[in-house]
Amino acid sequence: MTLRNLSWADWVENLKRRNWTAVLCMVAFLLSVPVYQAMKMTALIREQQVLPAAFQEADFIVSIQREYMINISFSMNFFVLSVLFGLLFAIQGFSWLYSRKKTDFYMSLPVSNKRRFLLLYLSGVFYYMAGYIAALLLSWFLGSLLGVMSLEAVGFSLIGLAANTVLFLAIYHTALFAVFLAGNMRGAILGCLFFLFYEKGIQVISEGYRNIYFRTYVDLGDRHSFLLSPFFNGLMMNQSVSLFKNTDAAIDAFSCFEGIFKPLLLLLVFVVLSAGLVYLAWRKRPTESYGHAIAVRGLRTPFKFFVLIPVSLFAGLLCGYASSDNPGFIIFGILCGILGGHCIFQILYESDLRAAWKKKWHIPAIAVVSLSVFASFYFDLTGFDRYVPSLEEAESVSVSLAYENSTLFPWYEDIGEDSMTYSSSRERMISQMNSPEEETIQAAGRMLTWNHEHYEELEETSSDRPISNWVIRYRLKNGKEISRTIAVDNSQVEDAISVIMNDERFHRTRYQIYAPEFEEHLDEMECFYFNGTERNFYTGDKDELLKVYQEEFKQYDYSLLKEKHPVGILKFTIACGKEMENEYEWNFPVYDSFAGTLALLEKDGAVKREEVGNFLETEEIASLWLINYVREGENGEIQWLEEPVRLLFTDKKDIERILPALYPGELYHSVDSDLCNPYDFYFDVEINYENDVLREKDTSAYFVVFWEKLPEDIQKRMKPSD
Amino acid sequence: MIEVRHLSKSFEGIKAVRNVSVIIKEGAVFGLIGTNGAGKSTFLRMMTGVLKPDEGIVLVDRMPVFDNLYAKERIFFIADEPYFFTGACARDMERFYRTVFPEFDRERFYLYLSNFGIESRRRISTFSKGTKKQLAILLGICSGAKYLCCDETFDGLDPVMRQVIKSLFAKEMEERDFTPVIASHNLRELEDICDHVGLLHQGGMILSKDLEDMKCSIQKVQTVFSSQAKERELLSQLDIVKEERRGTLLTLTVRGTREETEEKFRQSGALFYEVLPLSLEEIFISETEVNGYDVKKLILG
């Protein structure tokens, strides 16, 4: 039997019986693509026309052309329509399998099974393509009328047609497989849901339990590809292109295809493999299975197990969320999930309420599996938290502070673009650092081991313990990646932190000052020195300054952070955009040990040597308030005061003694505060400047208080009286 | 010829048809009798290639029928509840069948439609149950298929219509190579139509014979004897299936050919004897009793 035998009369007869779905598909495509997009573009163009002429730029046309191009190629509309009609055509086209009357009719006709399958299968594809192509042609036409169409858009939308057809086929095949495995409509719909969402469900459940019971588990926001779920791959594909609507027109729109390559490839492989599976299911499906929940009786129990195990674990997770992860409640939830699920399955299988308690042996069997899975998380039977990749296993390691507490390095900018794009420090460190240094890999391992051995101790630790949080990702030689998040006591793993912070890849990845493009654009930049209260322009040789600073900044590691606070910040700024309307800024700390840098700044007049490290002068201050918010309890615990202790100092001698304990807050927060000597945030200072100072200085700068540096008598006076 | 060899089919562990072998010859009306749940529909659905047998094979003109369009072109199946497309009229169904049965006789179809008084443009869903069955039979006859398998199709048709259909079958059988296979749970429905009858019980074929052969091997005789001695003597020579007495009038159902039986009565010196026609029911009773079945319970209720 060949396609030749699918005569026109067959198509016409088939269309007659499925005309409402074909019409629905055509109307849905026409309304949601050309009509909707044309209305949207018209509204945008009208909006623009009422603005003053100055705002009506050519850029606008380019940007709406870009938007239109993406909207008629990849968008949520296409995703929804592909999923919807993939499901509808599969279920509607083959729903006759669920009726004895219809099965008797169709199966007794002199039509081979292959021909019957091809006719129904291909007509589903044909109706989808017909709707899509009609919508696309009309979109091109309307786009041309509105002036938002381009040759690029034609090519782009044809690629969209191919990609979305692959998505449709993947969904169609999934639904067909479910339809052939089911014996009634209810079974088919549930089967579709099962195949489309099972993999995601497993991911969610696994993530939920890892979050609760694996203390070093971290979700780094990686976008996982789905091997079995075309739904989520299709969603990723359309979303990743839709994001390009908001990018600058200068960026080549076709570059967005990098993002869709992997999900599209997976969808394509899925379509090819599932086609064979679908045909096999069609051939092997017993005709007499109409009316049953599952066509092949032998699949009933495995299917039930495959669904009920994750469902019960999910019910456990829900109970866990409602009870602050109480294990008793989680087990209760799992058992409830099994009981409820078992009854529902039996009722669905037998279509009889009285069947709810049949096959009772399934309940303990599922409970054993579900509780074993729970136990594997609860007792960490897989050794997730204990596992530290050895030097032989690890290819490289990336390490980053878990929370970026410095204001200097939170972002990494793409220099040289009109509109810079940023990546967060953590994201960049984890994806780019990849240090192959053995010392760094071992240091990360020492931190992991320390965390594992002292975890309970860390849970009860007091707030003044120098704790820092880290994220580590190993890339193993076998291609796998292992991510962990840990907290460590800096004083206990000092050497490991130092090794990591001194790693060249750590420096180059985290600090953009070492990036070649930074040097390339240095001429376009302006340079300033900021000492916490004043900002001075640097007019000297920026290349020389950068080279000296790059060398001295290599000192920036844990030992420096622990011992010292910066005396100032070196700022580099660059203006971008056509009108130079955007300004971007990089800040780097300057310590008193950066002699070369300070010498160049002093030579240029940006710094006065005698002022380095002196942030305030006694003469500048009229008075200051010291405020204490806490008291020490009988057991040494901190108690917040209802009425803070506030002391006013107006005597210049007192002020002079207090000043060494004050430090500019902006400088303090500029570096990694998790790793430096902490200031006492239970205390505050309010400074009232002399009148003549108010005009010259940035008096809005705020200061933090180092309690230990305060004179003893003042410390005593600051303590609340009982 | 349809040849059924060792056909078996189970549904969820229940044997619906077990090891059935039968040959349906061309040019005769084959009746398939059985109670509800005897396996008639399952048998017919396997015979027409709707269901795949668990065991055994069905050969239609020496071709396996399952998923074989050449074999299926020769068989038309009318299910107990015939299916018509939603919103379709007789004309739509004719158009559809024309695309799948290359020998479909369009002219004859419309001729029969008008003869039966069925409107070709009226929606089938508005037809009565009997009219739907008539339409299904007409479609089947006009499809050009050699074998027409009807599952309980005659049940519910009025006697006039049954006669019309019967004559239609006879006409078709006369004009072309046509073999109807009719399944029914009611023996009396098939009495005047079938040439060959198969009896299905609990999935097994317990009898399959030509009606003429059956009629020839069993006789019904009314007789009156002059003395009890003569009567006893003759009765001891006969293979009696059934005996009824009203006064001196004795009605006997006996095995044997007409000639043998008449000869025995002639020689016995009976005052009067007459060979009467046998009903299908009576034939069945006699035939199935041999196998230890109580046919009254099986098919007469």
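Reading the values: rules and limits
Residues numbered from 1 in each chain as written. Chains lettered and ligands numbered in written order. Predicted model: local features only at pLDDT ≥ 70, side-chain atom pairs only at ≥ 80, totals over all residues. Heavy atoms only, no water. Helix = DSSP H or I, 4+ residues; strand = E, 2+ residues; numbered from the N terminus. Buried < 20%, exposed > 50% of the residue type's maximum accessible area, 1.4 Å probe, protein only. Contact = heavy atoms within 4.5 Å. Polar contact = N/O pair within 3.5 Å; in protein donor to acceptor, adjacent residues only side chain to side chain. Arc of directions from axis to C-beta. Pairing = 2+ DSSP bridges. Axes fitted to C-alpha atoms, helices over the stretch in contact; angles between N-to-C directions. Buried area = accessible area lost by both parts, 1.4 Å probe. Salt bridge = Lys/Arg side-chain N within 4 Å of Asp/Glu carboxyl O. Domains from an automatic or database assignment. pLDDT = per-residue confidence, 0-100. Patch = residues over 30% accessible without salt bridge, like charges linked within 9 Å, V, L, I, M, F, W, Y side chains within 5 Å. Areas by Shrake-Rupley, 256 points an atom, 1.4 Å probe, with all protein chains shown as cover. Lys, Arg positive; Asp, Glu negative; His and termini not counted. Charge placed at Lys NZ, Arg CZ, Asp CG, Glu CD. 1 Å grid on protein atoms, 1.4 Å probe; cavity = no way out; pocket = protein on both sides within 12 Å on 5 of 7 lines; lining within 4 Å. Points joined across faces, edges and corners; volume = space filled by probe spheres on them. Nonpolar A, V, L, I, M, F, W, Y, C, P; charged D, E, K, R; others polar. Parallel < 35°, antiparallel > 145°, perpendicular 65-115°, else oblique. Left-handed = near helix turned anticlockwise from the far one by under 90°.

Draft legend 1. Spatial organisation of the overall build of chain B. Looking only at helices and strands, one finds twelve helices and 14 strands in chain B. For chain B, the C-alpha atoms occupy an extent of roughly 75 × 45 × 30 Å along the three principal directions. When each of the 301 residues of chain B is scored for burial, the buried share is 52%. Of the contacts formed within chain B by residues at least 6 apart in sequence, a portion of 68% connects residues at least 24 apart.

Draft legend 2. Summary view of the environment of Y529 of chain A. Residues and elements named next belong to chain A. Structurally, the position occupied by Y529 is in strand β6 (residues 525-530). Residue Y529 is classed as buried on the basis of its relative accessible area, which comes to 4%. Taking the C-alpha atoms as reference points, Y529 and Y511, 18 residues apart in sequence, are found 18 Å from one another. The residues touching Y529, leaving out its near neighbours within four places in the chain, are E534, R535, N536, V567, G568, I569, V590, L598, L601, A606 and V607. A distance of 3.2 Å separates a polar side-chain atom of Y529 from the backbone oxygen of V567.

Draft legend 3. Structural detail: helix α3 (residues 90-100) of chain B. Those residues of α3 of chain B that fall on the buried side of the exposure criterion are A90, M93, E94, F96, Y97 and V100 of chain B. Buried residues of α3 of chain B, viewed axially, fall in a sector of 165 degrees; they line one side.

Draft legend 4. Fine view of the sheet that holds strand β2 (residues 14-24) of chain B. All names here are of chain B. The strand order β2-β1-β4-β5 describes an open sheet built from four strands, whose pairing is antiparallel. In this open sheet, the two strands that pair with only one neighbour each are β2 and β5 (63-64). Pairing of strand β4 (residues 55-60) with β5, which is carried by two bridges, proceeds in the antiparallel orientation. If you follow L59 over to β5, its bridge partner there is P64. On the sheet, helix α1 (residues 40-47) packs against β1 (2-11), β2 and β4 and is oriented at approximately 125 degrees with respect to β1.

Draft legend 5. Representation of the interface of chain A and chain B. In this complex, chain A contributes 26 residues to the contact, which on the side of chain B involves 28 residues. Regarding the contact of chain A and chain B, the summed buried area is about 2,500 Å², with carbon and sulfur atoms giving 59% of it. With a shortest N-O distance of 2.7 Å, R45 of chain B and D104 of chain A are connected by a salt bridge. Here chain A is connected to chain B by nine residue pairs in polar contact (both at pLDDT 80 or more). Looking at the side of chain A that touches chain B, the elements with two or more residues in it are α1 (8-49) and α4 (100-108) of chain A. If you tally residues by element for the side of chain A that touches chain B, the top one is α4 of chain A, at nine residues.

Draft legend 6. The arrangement of unusual backbone geometry in detail. Residues and elements named next belong to chain A. A positive phi is found at D325, a non-glycine position, where the angle reads about 60 degrees. Relative to the helices and strands, D325 resides in the loop between α10 (300-322) and α11 (327-350). Residue K359 is not a glycine yet carries a positive backbone phi of 55 degrees. With respect to the element layout, K359 can be found in the loop between α11 and α12 (362-378).

Draft legend 7. View of the domain arrangement of chain B. In terms of domain boundaries, chain B breaks down into domain 1 (2-202) and domain 2 (213-300). Computed from C-alpha atoms alone, the centre-to-centre distance between domain 1 of chain B and domain 2 of chain B is 36 Å.

Draft legend 8. Layout of the confidence of the model for chain A. Overall, the predicted model of chain A reaches an average pLDDT of 86, with 91% of residues at or above 70. Taking the mean pLDDT of every element in chain A, the minimum, 66, falls on helix α24 (residues 691-696) of chain A and the maximum, 95, on α12 of chain A.

Draft legend 9. Here's a closer look at the confidence of the model for chain B. Considering every residue of chain B, the mean pLDDT works out to 86; 95% of them sit at 70 or more. Interface confidence for the predicted complex, expressed as ipTM, amounts to 0.86; the pTM equals 0.79.

Draft legend 10. A negative patch on the surface, seen in detail. On the surface, a cluster of negative charge is contributed by E519, E520, D523, E524, D541, D543 and E544 of chain A. Residue assignment for the negative patch shows that the elements contributing at least two residues are α18 (516-520) and α19 (542-552) of chain A.

Draft legend 11. The arrangement of the layout of surface pockets in detail. Residues and elements named next belong to chain A. Reported here for the second largest pocket is a volume of approximately 1,100 Å³. In this structure, the second largest pocket is lined by 50 residues; those nearest its centre are G191, F194, F195, Y198 and F303. Every element with two or more residues in the lining of the second largest pocket is listed here: α6 (151-181), α7 (185-213), α8 (230-242), α9 (257-284), α10 and α11. For the lining of the second largest pocket, the element with the highest residue contribution is α7, accounting for 13 residues. Grouping the amino acids of the lining of the second largest pocket by side-chain chemistry returns 38 nonpolar, ten polar and two charged.

Draft legend 12. The arrangement of empty space enclosed by the protein in detail. Counted by the stated rule, this structure contains two cavities of 30 Å³ or more. The wall of the largest cavity is formed by 14 residues, among which F105 of chain A together with F77, P82, Y83 and Y97 of chain B lie closest to the centre. Contributing elements (two or more residues each) for the lining of the largest cavity: α4 of chain A together with β6 (75-78) and α5 (129-142) of chain B. In terms of residue count, α4 of chain A provides more of the lining of the largest cavity than any other element does, four residues in total. Looking at the lining of the largest cavity residue by residue, the classes come out as eleven nonpolar, one polar and two charged. Within this model, the second largest cavity holds a volume of roughly 50 Å³. Taken together, F105, S108 and L109 of chain A together with I75, F76, F77, Y97 and F101 of chain B make up the full set of residues lining the second largest cavity. If you list the elements that add at least two residues to the lining of the second largest cavity, you get α4 of chain A together with β6 of chain B. Among the elements that make up the lining of the second largest cavity, the one with the highest residue count is β6 of chain B (three residues).

Draft legend 13. Molecular detail of the sheet that holds strand β10 (residues 621-632) of chain A. Residue and element names in this part refer to chain A. Strand order in the open sheet formed by three strands is β11-β10-β13, with antiparallel pairing between adjacent strands. Sheet topology places β11 (638-649) and β13 (683-689) at the edges, where each strand pairs with a single neighbour. Direction aside, the axes of adjacent strands within the sheet are offset by 15 degrees on average.

Draft legend 14. Up close: the side chain of R475 of chain A. Among the structural elements, R475 of chain A can be located in strand β4 (residues 467-476). The contact partners of R475 of chain A, leaving out residues within four places of it in the chain, are A394, E395, S396, S398, I430, S431, N434, K480 and E481 of chain A.

Draft legend 15. Region of the structure containing the environment of A293 of chain A. Residues and elements named next belong to chain A. With respect to the secondary-structure elements, A293 resides in the loop between α9 and α10. Judged by relative accessible area, which is 10%, A293 ranks as buried. Counting along the chain gives 54 residues from A293 to I347, while the straight-line C-alpha distance between them is 9.9 Å.

Draft legend 16. Broad picture of the packing of α7 of chain A against α10 of chain A. Residues and elements named next belong to chain A. For the pair α7 and α10, interaxial distance at closest approach is 10 Å and the crossing angle is 40 degrees. Considering the angle they form, α7 stands oblique to α10. Seen along the crossing, α7 lies across α10 with a hand that is left-handed. Residues F194, Y198, I202, V204, I205, G208, Y209 and I212 of α7 form the contact with α10, whose participating residues are F303, F306, V307, P310, L313, F314, G316, L317 and Y321. Each residue belonging to the contact of α7 with α10 can be placed in one class, and the counts come to 15 nonpolar, two polar and no charged.

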